[in-house]
Amino acid sequence: MSGDTLANPKAGDYHLAQLNVGIMRGPQDSPEMAEFMGALDAINLLAESSPGFVWRLQDETGNATSISVFDDDTLVNMSVWQDRDSLFKYVYNSGHTHYIGRRKEWFEMPAEAHMVLWWVPAGHEPTPLEAKERLMHLRKHGPTEHAFTFKQHFPVPVLQD
């Protein structure tokens with residue numbers, strides 16, 4: 001799904017965008033990645049059915065495994081949520097948590113930030129390049145209003161009239 005807007009946003013609303021990247025321990029079709037790759041459809045369905053879910057980056061297969069923003073060894077996950085609490089509950093208080101606990105089986109342990117959050121106007125679908133810029137900003141400057149983390153987050157922007 002691509003484009004600039006989502007259906008029927010309310011003027012002035014903001015949603016929370018997130019990018020999560022992981023360097024795979026092997027090619028997507030390798031035995032090392034088989035269990036993770038086999039679970040993607042179920043995890044994506046869980047996200048889509050979670051309260052507060054708005055949108056996620058996907059290609060024609062229904063996931064984002066063919067979308068390269070960094071290099072061929074890096075998988076990206078990007079989504080938009082109504083608010084921080086909705087995303088937090090999905091990530092840390094759902095069936096998704098099982099996969100976080102097993103992350104190091106499939107992905108190299110990151111030496112720098114691998115997840116970034118930022119506010120977007122309701123209806124905006126962030127692009128992979130926009131998300132990459134946010135992650136690079138976080139890595140260079142640490143958490144700011146432009147790019148932040150769950151641990152060090154910033155409030156929804158105030159509308160200027």
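Anything mentioned here points back to the structure above.
Just so it is clear, the model here is predicted, and its values are computed rather than measured. (Residues numbered from 1 in each chain as written. Predicted model: local features only at pLDDT ≥ 70, side-chain atom pairs only at ≥ 80, totals over all residues. Heavy atoms only, no water.)

K.L.:
Break down the packing of aromatic side chains for me, citing the residues and quoting the values.
P.N.:
Summed over all chains, the structure comprises ten aromatic pairs. Ring geometry for phenylalanine 36 versus tryptophan 106: centroids 5.5 Å apart, planes at 45°, classification tilted. Residue phenylalanine 36 is found in helix H1 (residues 34–48), and its partner tryptophan 106 is found in helix H4 (residues 103–106); the two are separated by 70 residues along the sequence. Owing to a relative accessible area of 16%, phenylalanine 36 belongs among the buried residues under this scheme. Between phenylalanine 88 and phenylalanine 150, the ring centres sit 5.3 Å apart and the planes meet at 90°, which makes this aromatic pair edge-to-face. Of the two residues, phenylalanine 88 sits in helix H2 (residues 84–92) while phenylalanine 150 sits in the segment after helix H5 (128–141), which places them 62 residues apart along the sequence. Taking the relative accessible area as the measure of exposure, phenylalanine 88 reaches 30% and is therefore partly exposed. Given a relative accessible area of 9%, phenylalanine 150 falls into the buried group. Grouped by ring-pair contacts, the aromatic residues Phe36, Tyr99, Trp106 and Phe107 constitute a single cluster. The ring of phenylalanine 107 is capped by arginine 103, whose NZ or CZ atom sits 5.5 Å from the centre of that ring. It is lysine 132 that lies over the ring of phenylalanine 70; its NZ or CZ is 5.2 Å from the centre. (Phe/Tyr/Trp six-rings, centres within 6.5 Å; stacked < 30°, edge-to-face > 60°. Helix = DSSP H or I, 4+ residues; strand = E, 2+ residues; numbered from the N terminus. Buried < 20%, exposed > 50% of the residue type's maximum accessible area, 1.4 Å probe, protein only. Lys NZ or Arg CZ within 6 Å of the ring centre and 35° of its normal.)

K.L.:
Mind laying out H5, listing which residues take part and the relevant values?
P.N.:
An α-helical turn contains 3.6 residues, so any two residues separated by three or four positions project in the same direction. Along its 14 residues, H5 runs 20 Å from first to last C-alpha, staying within 8% of the 20 Å computed at 1.5 Å per residue. Of the positions making up H5, those classed as buried are Glu130, Ala131, Arg134, Leu135, His137 and Leu138. One face of H5 carries all of its buried residues, which in axial projection span an arc of 155°. Across H5 from its buried face, at more than 90 degrees, point the exposed residues Leu129 and Lys140. (Expected span 1.5 Å × (residues − 1). Arc of directions from axis to C-beta.)

K.L.:
Outline the sheet that holds strand S1 (residues 14–23), supporting the account with residue identities and numerical values.
P.N.:
Pairing is antiparallel in the open sheet, where four strands are placed in the order S2-S3-S1-S4. A strand with exactly one partner marks an edge of an open sheet, and here the two such strands are strand S2 (53–56) and strand S4 (115–121). Here the average twist between neighbouring strands, direction ignored, is 25°. Of the strand pairs in this sheet, S2 and strand S3 (residues 74–81) are connected by three bridges, and their pairing is antiparallel. Bridging from a neighbouring strand, arginine 56 pairs with serine 79 of S3. The sheet strands contacting H5 are S1, S3 and S4, and the helix crosses S4 at an angle near 125°. (Pairing = 2+ DSSP bridges. Axes fitted to C-alpha atoms, helices over the stretch in contact; angles between N-to-C directions. Contact = heavy atoms within 4.5 Å.)

K.L.:
Residues and numbers for the nonpolar core, please.
P.N.:
In this structure, Leu19, Leu57, Val76, Met78, Val116 and Trp118 are the most contacted members of the largest nonpolar core, which totals 18 residues. Contributing elements (two or more residues each) for this core: S1, S3, S4 and H5. In contact with valine 76, other than residues within four places in its own chain, are Leu19, Asn20, Val21, Leu57, Ala64, Ile67, Val69 and Phe70. Grouped together as the second largest cluster of nonpolar side chains are 13 residues, Ala47, Tyr90, Leu117 and Phe148 included. (Core = buried A, V, L, I, M, F, W, Y, C linked by side-chain atoms within 4.5 Å.)

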